[in-house]
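A closer look at the structure
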Amino acid sequence: MFPFIAKRTATLVAAVLVSSFAVFLIPYFTPGDPVRTIIRSRVSGNIIDDADVQALSLSLGLQDPLIVQYFSWLGRIATGDMGLSHVSRTPVADQVLPALAVTLSLVAAALALAVLVSLPLGIVAGLRHGKPADRVITSVTQSFIAMPEYWVAPLLVLVFALKLSVLPSAGWSGPESMVLPALTLALRPISYFTSAVRAGMIDAAAAEHVPAARARGLSVPQAVLRHVIPNGLVPLSTLVAVWFAGLLGGSVIVEVIFAVPGMGRLLFDAVVNSDIPLAQGGVVLVVALAVLVTTLADFVHRALTPAVEGSYA
Amino acid sequence: MLPVKRSRPILAVAAVLALSGCGFSGGQPAQESSAAADTSQRIVVDNFRAPVADWAVESDAAYILSLSGCLETLTKFDQAKGEVVPSLATEWKQHSPLEWDFTIRDGVKFQDGTALTAESVATALNHVLKATVPARAFNSKIISSVSVPQEGTVRVTTPTESPLVPYRLASVNSGILSPAAYEGERTNPFGHCTGPFVPVSEVAQQSLTLDRNPDYWGGDVQLAGAEIRFITNGATRAAQVQTGEADISMSIPAASLSSLENADGLSVLKADSPRTATLYMNNGRAPLDNVDVRTAIRDALDLESLAASVYEGAALPATGVFASSEPWAGTTGEAPKQDLDGAKKLLADAGYTADRPLEIIAIVERAEFADVAAVIQDNLKAVGIPVSIVTKEYAAAEPDVIAGNYDMLLSQRNRLIDIADPAGFLSADYTCSGSYNLSHFCDPEYDQLLAKAATTVDPEERYSLYAQAGGILTEKAVNVWLVNEQATDAVRNNVLGYVQDPLSRYVLTAQTAKTAS
């Protein structure tokens, strides 16, 4: 167990270092002067005085060598200080923590919905392998992959907000405002989860211990409940963790369309505005959380499949 | 919960309607219900931007504070009259060529209960002057100092004579907050404005909630409160006003116009905005250094088709450098008509040889510019000018454009981004020493007109000089001004007293009201 935790801790540190440095470099490897971008994000318009660029650059410490700037940030983050946003000059933590809470709620809701839908669909498709039910479920859920969020979201707004008037079209003010963004985000995971559960069920049903259980006198439903379904669900835990990590920073389209004040939108704006401390703070939190969630998923996986335990060493 | 005043609603609505009918302000009033205002109503406004710079008054966040009825300025620009009118200052006069004195209105209190004084005004304006990222309209290069020469008077001193100081004090970036707003590093508008609405809570990146200011100096406030939502996606703003979740949605995108125009219970308002999509031409590089070639390019373009197709009616063909409704537009007449034969003749007279394709840079920040460039490419091909198109972020294109290493650029410019007068735009963009002279145009006669306008106090006379300057730009075909964009807002029909402001500075006022249904 200890080597596993040590390895995961090292992964966490490495991931934070690499991702934060990559984010740090983005403004310097994209066209245009980052200081001018910061100014334009505060005061719209095209004309910028060179003296203002110099003054702001000096004030933000952006004239220091890049490596000095990066290690200065690293020193602060090691003490828990995320610093001030270049654009708003407010503490980064005050912006990223509320946004993270919103995105966590949204992603948790979307994945819970995806699991709730894909579990029965995947089980039925797996147990009815090759039959019409399997074909219908598979083709419908696979079609979700081809539906981009920027297409699904307006469609859902059209139906549920404009035509039926049963749900709000946007905002983040209560459980009802979570439904459409969560549903939009859930569609692609539903597709992948259903496919994984289906495949897991087919593999589990074909395993040797199922006929053995039947030979011990278990009925078909009992054998399915005790052996096929639990084993068929094993791949799902890992998949949910991977999607959770991916959606933490990857829900920007849904957040923009539904005006959700979440992490994806915050990170996108931070990168567009060359707000390096804000982008770095956000990425550090997202990456750390992603590593923790996938680690947790490994523990769950281990609990469900003791045979995997050896691989942790 | 703040006490709700139910005071004279019918009289107030009548006054609002009368004022709107008299052209009290610019833009278009919404189609209003005949029902009476219900002073217990609250209103939801979907705005297109969120405050990215906390609530710093020198930043664009000031627009949100202003449109939400919190932040007020010493003067206001009346769009319909085309002039500056009193607000927190009752009058002003030029004390000396470099000094303007503003008389501060008596009896005004900040929402924290302290009195508006000349000293508090000077504190607020000096805070803006010290900003690291300065405001365009009010900064230390334009304003030397702000002082209090005597009780009740604020003196604004400029480094050179400027008739535009009252205009600068109408800019939202010179809004006045009480001194307590500037304690600490951050600007805190909560409880520190003078306007009809008091900000009470904020959800970061989402909304600002305001309640009625029961002690507003400008009369009874007709709404109990408001919520300003920050919704950057245009389609979402359109959907919210259509469902009734929002009462007013600002800046409706072209793609949503037809559905909203056919929807029940709301009106779509349009007004000329000071934004013109422009085909910048490099007047300093062959072949575009030849006025005949530039004129031929203008004549080759079909602006009416462009406005109708790419812009889906959300923009009008441009008649010149100004929108025709602007008070300084002069007699601009109609938009140039496509004249392919004339264009070919001009090219032949200029000795134009299509020895290389001209490059159009279409900036990606405006998604429609890729289509606009394609239309232009097609139009110019018809007169024998080969064109290649590249798409770039503005920041990537800017260094080459300013250095003069380009042929043509598709971009858009707000003429009134700093103040409600085009002096800054005309000077920066088209004078020989202009700091943003992308066209690399230089004409001494034009510069003389601008220099004269810079010291002309009388607006009529100044506007006439701007019109003459605009005439030179048209005559020399410096650029092709393609389409004037329309400011488009959607308003539910139970909203009363809403008058559209093309610059989105004034949305909620004491007179804005709403009926019960």
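Residues numbered from 1 in each chain as written. Chains lettered and ligands numbered in written order. Predicted model: local features only at pLDDT ≥ 70, side-chain atom pairs only at ≥ 80, totals over all residues.

For chain B, the count of helices and strands is 14 helices and 19 strands. Here the C-alpha radius of gyration of chain B, 24 Å, is about what a compact globule of 517 residues would show, namely 24 Å. Along the first, second and third principal axes, the C-alpha set of chain B runs to 75 × 55 × 40 Å. For chain B, the residues scored as buried account for 55% of the 517 residues in total. Sequence separation of at least 24 residues holds for 71% of the intrachain contacts in chain B that already meet a minimum separation of 6. (Helix = DSSP H or I, 4+ residues; strand = E, 2+ residues; numbered from the N terminus. Rg over C-alpha atoms; globule rule 2.2 N^0.38 Å. Buried ≥ 20, exposed ≤ 12 C-beta atoms within 10 Å, placed from the backbone. Contact = placed C-beta atoms within 7 Å.)

This next bit is on the environment of A:Thr79. All names here are of chain A. Locating Thr-79 in the fold gives a position in the loop between α4 (66-78) and α5 (92-127). The exposed category is assigned to Thr-79, around which 6 C-beta atoms lie within 10 Å. Considering only alpha carbons, one finds Thr-79 and Gly-200, 121 residues apart in sequence, at a separation of 45 Å.

The next point concerns the domain arrangement of chain A. Residues and elements named next belong to chain A. Per the domain assignment, the segments of chain A are domain 1 (32-79) and domain 2 (96-311). Computed over C-alpha atoms only, the centres of domain 1 and domain 2 are separated by 39 Å. Among the secondary structure elements, those contributing two or more residues to the side of domain 1 that touches domain 2 are α2 (34-42) and α4. Looking at the side of domain 1 that touches domain 2 residue by residue, the classes come out as four nonpolar, two polar and no charged. (Domains from an automatic or database assignment. Nonpolar A, V, L, I, M, F, W, Y, C, P; charged D, E, K, R; others polar.)

For an interface, size is often stated in terms of accessible area lost upon the parts coming together. Residue and element names in this part refer to chain B. For chain B, the domain assignment lists domain 1 (51-198) and domain 2 (274-486). Computed from C-alpha coordinates alone, the two centres of domain 1 and domain 2 are separated by 34 Å. Each side of the interface is counted separately: domain 1 has 13 residues, and domain 2 has 12 residues. By residue class, the composition of the side of domain 1 that touches domain 2 is six nonpolar, three polar and four charged.

This part covers the environment of B:Gly404. Residues and elements named next belong to chain B. Mapped onto the elements of the fold, Gly-404 is located in the loop between α11 (394-403) and β16 (408-414). Gly-404 sits 196 residues away from Leu-208 along the chain, and the two C-alpha atoms are 44 Å apart. Contact partners of Gly-404, with chain neighbours within four places excluded, come to Asn-282, Gly-284, Arg-285 and His-440.

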